[in-house]
Amino acid sequence: MDLRHSTITVDGLTSPVVEAGETDASEAIVFVHGSPGCGEEFAPMLAEAGEFSRAVALDMPGFGRASKPSPRDFLYEVPNMGVHLAQLVAALGIERVHYVGHDFGGAWAMTASAFDPFKTASISMINSGLMRGVRWHYLARIYRTPILGELFMAIANESGIRRTLSELPAEEVARIWKNFDRNTRRAILALYRATDIQEQAAQLPQIRLIASQWPAIVIFGADDAYLPARYAERNKESLVNASVHLLDGMGHWPHLEDPAAVSELLMPFLRSARG
């Protein structure tokens, strides 16, 4: 299926948009990337979801080819990113949304859903979620440390990215590196430093109350080096209706490592939730 490309501007910030399926339908599946990432990484799933629904992926501020404002001018924190996502969805004319979030994209989707709960129809998490007890991985600890984080970003190079993401196809690593410019590096540092995962976990009772109405699915690479799969089941503490699935031999990016394996679980769920 052919993909459509456009842009949309909200609060002066422009985001590229990739779409498949019916144009301008008020119900849509919205794929949300993480850090680093961009909407284009969901292209195979967009084409597949477009067979039965309007399907949309976009670049969030600071990432991909979206506007990348300075942290002095834009707050790169989960609540603000989530509200911006909700505003992007509204600007696209979507009134009933099925969020599919990877990594930070899941947290942004949860925030967008809490901001406008009657618009959300389902939630899908790929190596993501609101999970009690999670601790920062080693890269996050570097990002969160002043000066050390800046030094790390300053010396980051393509060969280092290839080693870090060695489980991903070469073309996906090339895309991540292409978008990994100075402004995205700055956004990543700001995002991690503004995020308190213990504070997020403290919001579980409120999120659980809101999320109890939504069908949900959680898909995790069992060998995730950044977000251990042992926490995947804890998504049920917020997404009470979630089914949880572990994919053996896959890491943090299962939708890039083996899109077909993820689609085998995700597409039937989305068809059912949409119906």
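Structure shown above.
Residues numbered from 1 in each chain as written. Predicted model: local features only at pLDDT ≥ 70, side-chain atom pairs only at ≥ 80, totals over all residues. Heavy atoms only, no water.

> Help me understand the overall build of the protein chain, please; the structure alone is not making it clear to me.
When helices and strands are counted, the protein chain shows 12 helices and 8 strands. Referenced to the eigenvectors of the C-alpha coordinate spread, the extents of the protein chain come out at roughly 50 × 40 × 35 Å. Pairs at least 24 apart in sequence give 75% of the contacts found in the protein chain among residues at least 6 apart. If you average the places of the 25 positive and of the 32 negative side-chain charges in the protein chain, the two averages end up 6 Å apart. (Helix = DSSP H or I, 4+ residues; strand = E, 2+ residues; numbered from the N terminus. Contact = heavy atoms within 4.5 Å. Lys, Arg positive; Asp, Glu negative; His and termini not counted. Charge placed at Lys NZ, Arg CZ, Asp CG, Glu CD.)

> What should I look at first to understand the nonpolar core in this one?
It is characteristic of soluble globular proteins that their nonpolar side chains tend to be buried jointly. Among the nonpolar cores identified, the biggest contains 70 residues, and Val30, Met60, Leu85, Ile94, Tyr99, Trp108 and Leu239 are the most heavily contacted of them. In contact with leucine 239, other than residues within four places in its own chain, are Met110, Ile123, Met125, Ala211, Trp214 and Ala216. Formed by 23 residues, the second largest nonpolar core is a distinct cluster that contains Phe42, Phe52, Ala55 and Val262. (Core = buried A, V, L, I, M, F, W, Y, C linked by side-chain atoms within 4.5 Å. Buried < 20%, exposed > 50% of the residue type's maximum accessible area, 1.4 Å probe, protein only.)

> Honestly, the sheet that holds strand β5 (residues 96–102) in this entry has me stumped. Any pointers?
In any sheet, the strands associate via hydrogen bonds between backbone groups, in a parallel or an antiparallel arrangement. Read across the open sheet, the 8 strands follow the order β1-β2-β4-β3-β5-β6-β7-β8; overall the sheet is mixed. Strands at the two margins of the open sheet, each flanked by one partner only, are β1 (4–10) and β8 (242–247). Across the sheet, the axes of successive neighbouring strands diverge by a mean angle of 20 degrees, strand direction being ignored. As paired elements, β1 and strand β2 (residues 13–20) share 7 bridges and run antiparallel to each other. Among the inter-strand pairings, valine 10 is bridged to a residue of β2, identified as leucine 13. The strands that helix α2 (residues 78–91) touches are β1, β2, β3 (27–32), β4 (54–58) and β5; relative to β1, the one it contacts most, it runs at about 120 degrees. (Pairing = 2+ DSSP bridges. Axes fitted to C-alpha atoms, helices over the stretch in contact; angles between N-to-C directions.)

> Even after reading the chapter, I still don't get helix α12 (residues 259–274), so can you show me in this structure?
Because an α-helix packs 3.6 residues into every turn, residues spaced three or four apart end up facing the same way. Along α12, the largest kink reaches about 30 degrees and is centred on leucine 265; proline proline 268 follows within four residues of it. Taken together, the buried positions of α12 are Ala261, Val262, Ser263, Leu266, Met267, Phe269, Leu270 and Ala273. (Bend = angle between axes of the 7 residues up to and from the residue.)

> Explanation requested: empty space enclosed by the protein in the structure shown.
To find leftover empty space, a probe the size of one water molecule is rolled over the atoms. If you walk through the whole model with that rule in mind, you get 1 cavity of 30 Å³ or more. Quantified by volume, the largest cavity comes out at close to 70 Å³. Every residue lining the largest cavity is listed: Pro36, Gly37, Cys38, Phe63, Gly64, Arg175, Ile176, Asn179, Phe180 and Thr184. Residues belonging to the lining of the largest cavity are distributed by class as follows: 5 nonpolar, 4 polar and 1 charged. (1 Å grid on protein atoms, 1.4 Å probe; cavity = no way out; pocket = protein on both sides within 12 Å on 5 of 7 lines; lining within 4 Å. Points joined across faces, edges and corners; volume = space filled by probe spheres on them. Nonpolar A, V, L, I, M, F, W, Y, C, P; charged D, E, K, R; others polar.)

> Is there a simple way to explain the pattern of salt bridges in this structure?
Summed over the entire model, instances satisfying the criterion amount to 10 salt bridges. For glutamate 19, the salt bridge goes to arginine 54, with nearest N and O atoms at 2.8 Å. Residue glutamate 19 is found in strand β2, and its partner arginine 54 is found in strand β4; the two are separated by 35 residues along the sequence. Look at glutamate 19 and you get buried, because its relative accessible area is 9%. (Salt bridge = Lys/Arg side-chain N within 4 Å of Asp/Glu carboxyl O.)

> Explanation requested: the packing of aromatic side chains in the structure shown.
Aromatic ring pairs are described here by two measures, namely the spacing of the ring centres and the angle between the planes. Counted according to the given criterion, the structure contains 10 aromatic pairs. For the pair phenylalanine 104 and tyrosine 192, a centre-to-centre distance of 5.1 Å together with 90 degrees between the ring planes defines the contact as edge-to-face. Within this pair, whereas phenylalanine 104 is found in helix α3 (residues 104–115), its partner tyrosine 192 is found in helix α8 (residues 182–194), the two being separated by 88 residues in sequence. Residue phenylalanine 104 is classed as buried on the basis of its relative accessible area of 9%. Among the aromatic residues, those joined into a cluster by ring pairs are Phe63, Phe104, Trp108, Trp136, Tyr143, Phe152 and Tyr192. (Phe/Tyr/Trp six-rings, centres within 6.5 Å; stacked < 30°, edge-to-face > 60°.)

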